[in-house]
Amino acid sequence: MVKRLLYICLLLLGPSFVWSQAIEKDYVINQNRLAAELNRAGKFSKADQILDELLAKLKTQNADEKFFATTYQTKAKVVQSLGNYEESTKLARSSLLISLKHFDSLNIADSYNTIGINHYFKADYDSTTYYYEKSFDIKKRIKTDPYALAVSAYNLALVFGDLGQNQKAMELYRQAETLLLKSGQPKNFLSDVYVGMALIYFYSGELSKAEIYAEKAMEKGLISYGEFNPNMTFVYTTYANILEAEEKYEEAVTLLEKNLKIRISTYGQWHRWTCETYYDLGNSYMLVKKFDKAEAYYKKAIEIGKRINSRQYLANARNFLAQLYLDRGIHLDEAERLLLEALKSNIEIYGDKSDLVAENYLQLAKLYKLKKDAFKFADHVQMSLAAANYDKEDLGTVIGPLQALNSLMLLGDWYIEIYEKDQKIQNLLEAYRLVDQKIALITHTQNNFSSDRSRIDFANKYREVFETDLGLCWLLYHETQEHKYLQKAFELSETNRNTTLLKGLQGIEYRAYGEIPEIKLNLEQTTKTALEKVKMDIFFEKSSSEPDKELYQSLLDESIRLSHKLDSIYKDFYKNYPKFKSINSAKVLLEIEDVQAQLDDDTQMITYFLGEHSLFSFNIRKDTISLLRADIADKLINITNDFKHHLSNRDNIDELSYDLFMYLLGQQFDREKRNLVIVADNVLNYIPFEILRSSDGSLLIEKYNVSYNGSARIFLELQKEFFKYDTPKDWAGFAPMYTEGKELASSKSEIDQIASLTNGEKFVGEEAKKENFMLHKKEFSILHLAMHAEIDNENSLYNRLLFEDGELTASEIYMSHSQANLVVLSACNTGFGKIEKGEGVMSMARAFHYSGIPSVMMSLWKVPDKETKTIMVDFYRYLKKGKSKSEALRRAKLDYLDKTSDTALKHPYYWSGFVINGQTDPIKIKNTMYPVIWMVLSICGLIIITFLIKRFR
């Protein structure tokens, strides 16, 4: 529950000193400058006192009225800081009248700017924009200095940001940034500009970009203001919002408590910024479930809002307190009163069409749902949709997409709850009518994100939509047996599954066949690569025990520069190349029949969706499909985690293996189909299904070839001819030699034996360099990496493989385009990583898939070195005989079990960790005997020819 509005201390243009005579000039200048500096430092009362004394002296001496104009303007800004906007406007107008008489354009512009700020703080946006634009126009006409122009650009950006016009706001922020850098002033308000940009990215869901700009704001603010300056509190507030989004709640609370102390000591208790901090703290305490403390802070914010008569802040505080009551189901009448009062204020401020007004109506709808008032509930849902400007036929006009989505979710839940009471199918049909609308809004919102990280975060946030609607389709299918509900359920299970990986694969294909000139594609690639390198450097520098602050800040600057450049590149792509836009934005429906057409008679695909409450599973065969639902999510997750624990400890897993078989396959498994494609979800990604034990006591691996895919869509994508590469060479193996207890004793022998089998090339020891890998990665059909991997649980982009000369990160792999048909990651934990619900495991294997490789063999845990070698060598023996990748791996594992006499080493921990992900077709390896045979035949031929020549001479 972070705040929506952008509230930043508006930077004020310093007084302009244009004088016609020298009398008392220096004294007046110095006193005004001193007051302005004190105001900037948060010492408002002292500044006000100095100006009062100066005005008294000017009146006593009957001074030049230009002295009064300047002093009135400075005092207007100090009084403004103290929260007295009427008095500030009165003083600014007095200054304005004098400046108009003397045609002092710069002071006229400054007066308009100050008056505009006062209207902004009173939430009068029409008047605010009018005065800001008048000020900006004058400054541009007289070609004033860059700093003064930056003030106007910044202030207008704030207004457009508040009004939800983010693109226009961002353009103005960037204009202000450019002007400030051009001004050359070391102490400026760049931190405030970066705060504004950070919050636009934050509320747009671009958390990674928001964090970069917040870091820059922190750096610039500490230089310009100092740690305890009140202007720094806006940076702290922004950073606290980001910490909350990252679920670092205690850190956010600490930062906001610091904020509160600074604001009380500078602005005082009865001020808008103090009010804001109280309800921000209330939001943070809500997140850590300290409800009593949150309630106390909200009530204090309401008290301040009433005292200072601030409609915006009072409305916000009332909203937050009402939401606390709604979340806890208490004091509903009081919550209703608070929401209605907030709604009235927000309509007065923003009009009928606003995301904040839509949010008010949405909260009222939730309240009437709790009160079981069907008429008011339905009425307020519709009012929320109207306020969000929702039109299902034109989503581009929606100004509150999240409010519209939440309203549709609430309405759908309402219909399902009614069905559970009266069992009338009409209620399910009403809920079903909303399904496509919700998915369209989610897709529309995701398409507006510029980063994969943002899309993944958003998908995680709204995963409940898919679980709820899957349950709805399951109910309708069982009620009616109509195929369209089965189809819709399958579509829902696929819609938000590994979408970023799919787009990565589609992007590779598009760039190969698309319309964008190669020079532009190269520019995109080099910019992306450079940006990822900078991000990686930022991550490692930030994680360092002794970070280099200057280097860190220069890296942040470079990251911002490259982000701007990449945004411009994509803007060009979207504008000038329609096919690029379509591949990134189009919603391609996946039909069950599309999948069935790619399955042979001996193959079945089982896909899972594991939500917060239910497990849904589809079994797709060439001619049939089935859908099952079981409300066992918690139980299944616990059993899976127990299974992983027992497996890693080499404990007996027979009972758990059987339980998982019954939950996951018992009713969904066709025992006649020998090839099994698994599309796992959530923690199920950590299970090697081959070791699940059926009711007859046999393991799945004994009879079935098992492979894995990220989604049915990815399965189909990888079947395309495009992802079947024709390479000049068959195989290359890389095996660094480690020291200091990290040795992989069998890796060199593994590489030697496989190279002999495949007639491949070896890169061992000093030759196993990252440089060699990057140089030769497009030459070989199979890349085999026998090396250590390290997993970064904080940031999966920095998972890494350890070559002889350095690390190859997942981030670098993502940016590369490989053309191998198979990568074998004979390394530890290459299939392990952080689970992103819907997106799967953020592993090294995923990075290789993203780079265009259709098949990856990966390890689910740290597989012992000796056993790895045995299985790998036999895998290639079977691959060379023309077996599919999944069958070759199954036979290699079974051979290992047959050859191993030690019972302890037959535990699945030692042999089941490697799995095949992606395409499973056989892969051609040239027979290494052919060169020998040809050599022998050639020699024999020469001998025969020589003999014949001698005989017939």
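Residues numbered from 1 in each chain as written. Predicted model: local features only at pLDDT ≥ 70, side-chain atom pairs only at ≥ 80, totals over all residues. Heavy atoms only, no water.

## Considerations on the overall build of the chain
Turning to step 1, where the next piece is worked out: The number of helices and strands found in the chain is 40 helices and 16 strands.
Turning to step 2, where the next piece is worked out: Seen along its three principal axes, the alpha-carbon backbone of the chain occupies a region of about 130 × 80 × 50 Å.
Turning to step 3, where the next piece is worked out: By residue count, 58% of the 953 residues in the chain fall in the buried class.
Turning to step 4, where the next piece is worked out: For the chain, restricting intrachain contacts to residue pairs at least 6 apart in sequence, the fraction spanning at least 24 positions comes to 71%.
Turning to step 5, where the next piece is worked out: Surface accessibility of the chain: about 40,000 Å² in total, with carbon and sulfur atoms responsible for 52%.
Turning to step 6, where the next piece is worked out: The averaged location of the 131 negative side-chain charges in the chain is 3 Å from the averaged location of its 122 positive side-chain charges. (Helix = DSSP H or I, 4+ residues; strand = E, 2+ residues; numbered from the N terminus. Buried < 20%, exposed > 50% of the residue type's maximum accessible area, 1.4 Å probe, protein only. Contact = heavy atoms within 4.5 Å. Areas by Shrake-Rupley, 256 points an atom, 1.4 Å probe, with all protein chains shown as cover. Lys, Arg positive; Asp, Glu negative; His and termini not counted. Charge placed at Lys NZ, Arg CZ, Asp CG, Glu CD.)

## Quick look at helix α4 (residues 85-101)
Turning to step 1, where the next piece is worked out: The end-to-end C-alpha separation of α4 is 24 Å, in line with the 24 Å expected for 17 residues at 1.5 Å each.
Turning to step 2, where the next piece is worked out: Every buried residue of α4 is accounted for by Tyr-85, Ser-88, Thr-89, Leu-91, Ala-92, Ser-95, Leu-96, Ile-98 and Ser-99.
Turning to step 3, where the next piece is worked out: Check the buried side of α4 and you find it contacts α3 (65-81), α5 (105-121) and α13 (272-287).
Turning to step 4, where the next piece is worked out: Between the side-chain oxygen at the start of α4 and the backbone nitrogen of Glu-87 there is a gap of 3.2 Å, and the oxygen is on Asn-84. (Expected span 1.5 Å × (residues − 1). Polar contact = N/O pair within 3.5 Å; in protein donor to acceptor, adjacent residues only side chain to side chain.)

## Some details on the environment of Asp-572
Turning to step 1, where the next piece is worked out: Mapped onto the elements of the fold, Asp-572 is located in helix α27 (residues 549-576).
Turning to step 2, where the next piece is worked out: Along the primary structure Asp-572 and Glu-743 are separated by 171 residues, whereas in three dimensions their C-alpha atoms are 50 Å apart.
Turning to step 3, where the next piece is worked out: Residues contacting Asp-572, with those up to four places away along its chain left out, are Lys-520 and Tyr-577.

## Quick notes on the pattern of salt bridges
Turning to step 1, where the next piece is worked out: Scanning the model with the defined rule gives 47 salt bridges in all.
Turning to step 2, where the next piece is worked out: A salt bridge links Arg-433 to Glu-430; the shortest N-O distance between them is 3.3 Å.
Turning to step 3, where the next piece is worked out: Overall, the relative accessible area of 24% leaves Glu-430 in the partly exposed class.
Turning to step 4, where the next piece is worked out: Here Glu-494 ties to Arg-497 by a salt bridge, and the two come within 3.5 Å at their closest N and O atoms. For the pair shown, Glu-494 and Arg-497 are each scored as buried.
Turning to step 5, where the next piece is worked out: By sharing partners, the salt bridges in this structure join Lys-216, Glu-219, Lys-220 and Asp-557 into a single network. (Salt bridge = Lys/Arg side-chain N within 4 Å of Asp/Glu carboxyl O.)

## Digging into the confidence of the model for the chain
Turning to step 1, where the next piece is worked out: For the chain, the average pLDDT comes to 86, and 90% of its residues sit at 70 or higher.
Turning to step 2, where the next piece is worked out: Considering each helix and strand of the chain separately, the mean pLDDT is smallest for strand β13 (residues 834-836), with a value of 54, and largest for helix α18 (residues 374-387), with 97.
Turning to step 3, where the next piece is worked out: Counted against residues more than four places away or in other chains, residues 1-23, with its pLDDT under 50, gives 109 contacts. (pLDDT = per-residue confidence, 0-100.)

## Overview of the sheet that holds strand β10 (residues 800-803)
Turning to step 1, where the next piece is worked out: If you trace the three strands from one edge of the open sheet to the other, you get β9-β10-β11, paired in antiparallel fashion. The sheet terminates laterally at β9 (789-790) and β11 (806-809), the two strands that pair on one side only.
Turning to step 2, where the next piece is worked out: Bridging between β9 and β10 involves two bridges; their strand directions are antiparallel. Bridge pairing links Glu-790 to Arg-800 in β10. (Pairing = 2+ DSSP bridges.)

## Describing the environment of Ala-148
Turning to step 1, where the next piece is worked out: Checked against the element boundaries, Ala-148 lands in helix α7 (residues 146-162).
Turning to step 2, where the next piece is worked out: Taking the relative accessible area as the measure of exposure, Ala-148 reaches 0% and is therefore buried.
Turning to step 3, where the next piece is worked out: Separated by 31 residues in the primary sequence, Ala-148 and Leu-179 place their C-alpha atoms 8.8 Å from one another.

## Describing the nonpolar core
Turning to step 1, where the next piece is worked out: Ranked by size, the top nonpolar core spans 171 residues in total, and within it Tyr-173, Phe-189, Val-595, Phe-618 and Ile-620 carry the most contacts.
Turning to step 2, where the next piece is worked out: The element best represented in this core is α7, accounting for eleven residues.
Turning to step 3, where the next piece is worked out: Once residues lying within four places of it in the same chain are set aside, the contact partners of Val-595 are Phe-490, Leu-590, Met-605, Ile-620, Ala-712 and Leu-716. (Core = buried A, V, L, I, M, F, W, Y, C linked by side-chain atoms within 4.5 Å.)

## What about a negative patch on the surface?
Turning to step 1, where the next piece is worked out: A cluster of like negative charges, contributed by Glu-766, Glu-767, Glu-771, Glu-804 and Asp-805, occupies part of the molecular surface.
Turning to step 2, where the next piece is worked out: With respect to the helices, strands and loops of the structure, Glu-766 is situated in the loop between β7 (761-764) and α34 (770-776).
Turning to step 3, where the next piece is worked out: Here Glu-766 falls in the exposed class, since its relative accessible area comes to 63%. (Patch = residues over 30% accessible without salt bridge, like charges linked within 9 Å, V, L, I, M, F, W, Y side chains within 5 Å.)

## Thoughts on the side chain of Ser-559
Turning to step 1, where the next piece is worked out: As for its position among the elements, Ser-559 is in helix α27.
Turning to step 2, where the next piece is worked out: Ser-559 gets classed as buried once you look at its relative accessible area, which sits at 0%.
Turning to step 3, where the next piece is worked out: Residues in contact with Ser-559, not counting those within four places in the same chain, are Ile-212, Leu-531, Val-534 and Ile-538.

## Topic: the pairing of strand β8 (residues 780-785)
On any regular strand, side chains alternate: one points to one face of the sheet, the next to the other face.
Turning to step 1, where the next piece is worked out: With six of its six residues buried, β8 lies for the most part within the structure.
Turning to step 2, where the next piece is worked out: Relative to β8, strand β6 (residues 729-735) runs parallel, the two sharing five bridges. Among the inter-strand pairings, Gly-733 is bridged to a residue of β8, identified as His-784.

## Examining the packing of aromatic side chains
Turning to step 1, where the next piece is worked out: Applying the stated criterion across every chain, the model contains 42 aromatic pairs.
Turning to step 2, where the next piece is worked out: Where Tyr-112 meets Tyr-131, the ring centres are 6.0 Å apart and the plane angle is 35 degrees; that geometry is what we call tilted. Here the residue Tyr-112 occupies a position in helix α5, and Tyr-131 occupies one in helix α6 (residues 125-141), the gap between them amounting to 19 residues. Exposure class is identical for Tyr-112 and Tyr-131. Each is buried.
Turning to step 3, where the next piece is worked out: Measuring from centroid to centroid gives 6.2 Å for Trp-731 and Tyr-876, while their planes differ by 90 degrees, and the two rings are edge-to-face. Here Trp-731, found in strand β6, pairs with Tyr-876, found in helix α37 (residues 865-880); they are 145 residues apart in sequence, far enough to count as distant. For the residue pair Trp-731 and Tyr-876, the accessibility class agrees, reading buried in each case. (Phe/Tyr/Trp six-rings, centres within 6.5 Å; stacked < 30°, edge-to-face > 60°.)

## Points about the packing of helix α1 (residues 25-40) against α3
Turning to step 1, where the next piece is worked out: Their axes nearest at 10 Å, the elements α1 and α3 cross at an angle of 10 degrees. One element, α1, and the other, α3, form an angle in the roughly parallel class. Counted together, Lys-25, Val-28, Asn-32, Ala-35, Ala-36 and Asn-39 of α1 and Phe-67, Thr-70, Thr-71, Thr-74, Lys-77, Val-78 and Ser-81 of α3 form the full contact between these two elements.
Turning to step 2, where the next piece is worked out: When its residues are assigned to classes, the contact of α1 with α3 shows five nonpolar, six polar and two charged. (Axes fitted to C-alpha atoms, helices over the stretch in contact; angles between N-to-C directions. Parallel < 35°, antiparallel > 145°, perpendicular 65-115°, else oblique. Nonpolar A, V, L, I, M, F, W, Y, C, P; charged D, E, K, R; others polar.)

## Quick look at helix α11 (residues 232-245)
Turning to step 1, where the next piece is worked out: Between its terminal C-alpha atoms α11 stretches 20 Å, which fits the 20 Å expected from 14 residues at 1.5 Å a residue.
Turning to step 2, where the next piece is worked out: Buried residues dominate α11, accounting for 13 of its 14 residues.
Turning to step 3, where the next piece is worked out: Phi turns positive, to about 65 degrees, at Glu-247, one or two residues after α11.

## Here we look at the packing of helix α2 (residues 44-60) against α3
Helices that pack against each other are described as a pair by the angle of their axes relative to one another and the distance between those axes.
Turning to step 1, where the next piece is worked out: Running from N to C, α2 and α3 cross one another at 155 degrees; their axes reach a closest spacing of 10 Å. Judged by the angle between their axes, α2 and α3 are roughly antiparallel. Pair α2 / α3 crosses with left-handed handedness. Taken together, the residues of α3 that come into contact with α2 (itself represented by Phe-44, Ala-47, Asp-48, Leu-51, Asp-52, Leu-54, Leu-55, Leu-58 and Lys-59) are Phe-67, Phe-68, Thr-71, Tyr-72, Thr-74, Lys-75, Val-78, Val-79 and Ser-81.
Turning to step 2, where the next piece is worked out: Tallied by class, the residues present in the contact of α2 with α3 amount to eleven nonpolar, three polar and four charged. (Left-handed = near helix turned anticlockwise from the far one by under 90°.)

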